[in-house]
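Architecture and fold: a report
If you want the building blocks of each chain, they are given just below.
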Amino acid sequence: METALALARKEKLELPPPQKDGSYQSLNKRGSAIAQLNIITEEFTEYASKGEKRVLQLDATFGHITLKALKRGIHDFVATDSDKRHLAIIAKRLKEKPCLKENKSLKLFHGSFPDSFKDFEDNSFDAVLLNRVIHFFTPTQTTHTLKEVFRILKPGGRVFIVAITPYVKRFETFIPLYKQRLLLNQRYPGYVRNLKFFANPEVTSPKQMAQMHDKPFMFFDAQLMHRVLSESGLIVEKAIEFPLTFKSSIWGLDGRELVGAIAKKPLRRHSFSLHLG
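For the structure given in this document, a descriptive report is provided here. (Residues numbered from 1 in each chain as written. Predicted model: local features only at pLDDT ≥ 70, side-chain atom pairs only at ≥ 80, totals over all residues. Heavy atoms only, no water.)

**Re the layout of surface pockets**
A probe as big as a water molecule, rolled over the atoms, marks out the empty space that is left. One number sums up the size of the largest pocket: a volume of about 790 Å³. Lining of the largest pocket is provided by 45 residues; of these, Gln19, Tyr24, Gln25, Gly31 and Ser32 occupy positions nearest its centre. At the level of elements, strand S1 (24–25), strand S2 (32–33), helix H3 (64–71) and helix H7 (206–211) are the ones that each hand at least two residues to the lining of the largest pocket. No other element matches the three residues that H7 contributes to the lining of the largest pocket. When grouped by side-chain class, the residues that make up the lining of the largest pocket number 19 nonpolar, 17 polar and nine charged. (1 Å grid on protein atoms, 1.4 Å probe; cavity = no way out; pocket = protein on both sides within 12 Å on 5 of 7 lines; lining within 4 Å. Points joined across faces, edges and corners; volume = space filled by probe spheres on them. Helix = DSSP H or I, 4+ residues; strand = E, 2+ residues; numbered from the N terminus. Nonpolar A, V, L, I, M, F, W, Y, C, P; charged D, E, K, R; others polar.)

Okay, structure coming up:
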């Protein structure tokens, strides 16, 4: 925590101003952070705050969910990010909130996932949150990530996941190809090697294009989310598509912009199969 605070002071890091739609552009071109909780992150904070649970959040970005969850009294919260600047901003924001500045529950962890899972022990977390992060992984990385989530979850623990579907205004040019891939029964119909190629120029400025993630990306839907979680050995309790929590002419399309899932690690270990696609 002190290291992160020192970095915030040294580089004079602050939470960036929100964009027109209220989202916050990340510092590493991995999408935007949203201040509001959605139906899955709301269930995560509710579940995690009951009892003395240990929870993990991957790619916490600016800590919007992290700080909201801590206010509800989470016992042991590990927030990770691949960008040290994001963790520095989280530390600074924590100390600026009177109700949280003395909080000792938060631990910040710098690491790039899925590789950094090796730093966590088997059966060590009651809950894991991947909010708007798994879509940045390739199919192989997704399989590895969920294998590791299974490993670090305690029996009976839960993973909460939110990802972007193809049904967003910014990338609607991809929808015809996505539907064609569905008809062909492709294993990962939402996988693209360069996200920028499908950006809708009508709602993407040159500046936004320059800030956009230009690496592989995988759009999810409820069916794919259910399948990859089941194949990892987890028991899917919920997999649904749902609308944005904010109004956006850039992202809003038809109310299916996001997909979320909750899955549980069985109390008894089952074998899982790896499908690398």
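**Observations regarding the sheet that holds strand S7 (residues 153–164)**
Across the sheet, seven strands lie side by side as S5-S4-S3-S6-S7-S11-S10; this open sheet has mixed pairing. Single-partner strands in this sheet number two, and they are strand S5 (106–110) and strand S10 (235–242). Neighbour-to-neighbour, the strand axes of this sheet turn through a mean angle of 15°, independent of strand direction. The sheet contacts of H3 involve strand S3 (54–58), strand S4 (76–81), S5 and strand S6 (125–131), and relative to S4 the element is tilted by about 175°. Along the sheet, helix H5 (residues 139–152) makes contact with S3, S6 and S7, crossing S7 at roughly 145°. (Pairing = 2+ DSSP bridges. Axes fitted to C-alpha atoms, helices over the stretch in contact; angles between N-to-C directions. Contact = heavy atoms within 4.5 Å.)

**A short note on the packing of helix H1 (residues 2–11) against helix H4 (residues 84–96)**
For any two helices packed against each other, one specifies the inter-axial angle together with the distance between the axes. Between H1 and H4, the least distance of the axes is 8 Å, while the angle of their chain directions is 100°. With respect to H4, the element H1 is oriented roughly perpendicular. Here Ala4, Leu5, Leu7, Ala8 and Glu11 of H1 lie close against H4, whose contacting residues are Lys84, Arg85, Leu87, Ala88, Ala91, Lys92 and Lys95. (Parallel < 35°, antiparallel > 145°, perpendicular 65-115°, else oblique.)

**Describing the pattern of salt bridges**
When the charged atoms of two side chains lie near each other, side chains of opposite charge can form a pair. Inspection of every chain in the model, using the stated rule, returns 18 salt bridges. Taking the shortest distance from any N to any O, the salt bridge between Asp122 and Arg151 comes out at 2.6 Å. Separated by 29 residues along the polypeptide, Asp122 in the loop between S5 and S6 and Arg151 in helix H5 bring together distant segments of the chain. Relative accessible area serves as the criterion here: at 47%, Asp122 is assigned to the partly exposed category. With a closest N to O distance of 2.9 Å, Arg158 and Glu237 form a salt bridge. Of the two residues, Arg158 is situated in strand S7 and Glu237 in strand S10; the sequence distance between them amounts to 79 residues. Taken together, the shared-partner salt bridges connect Glu42, Glu46, Lys50 and Arg72 into one network. (Salt bridge = Lys/Arg side-chain N within 4 Å of Asp/Glu carboxyl O. Buried < 20%, exposed > 50% of the residue type's maximum accessible area, 1.4 Å probe, protein only.)

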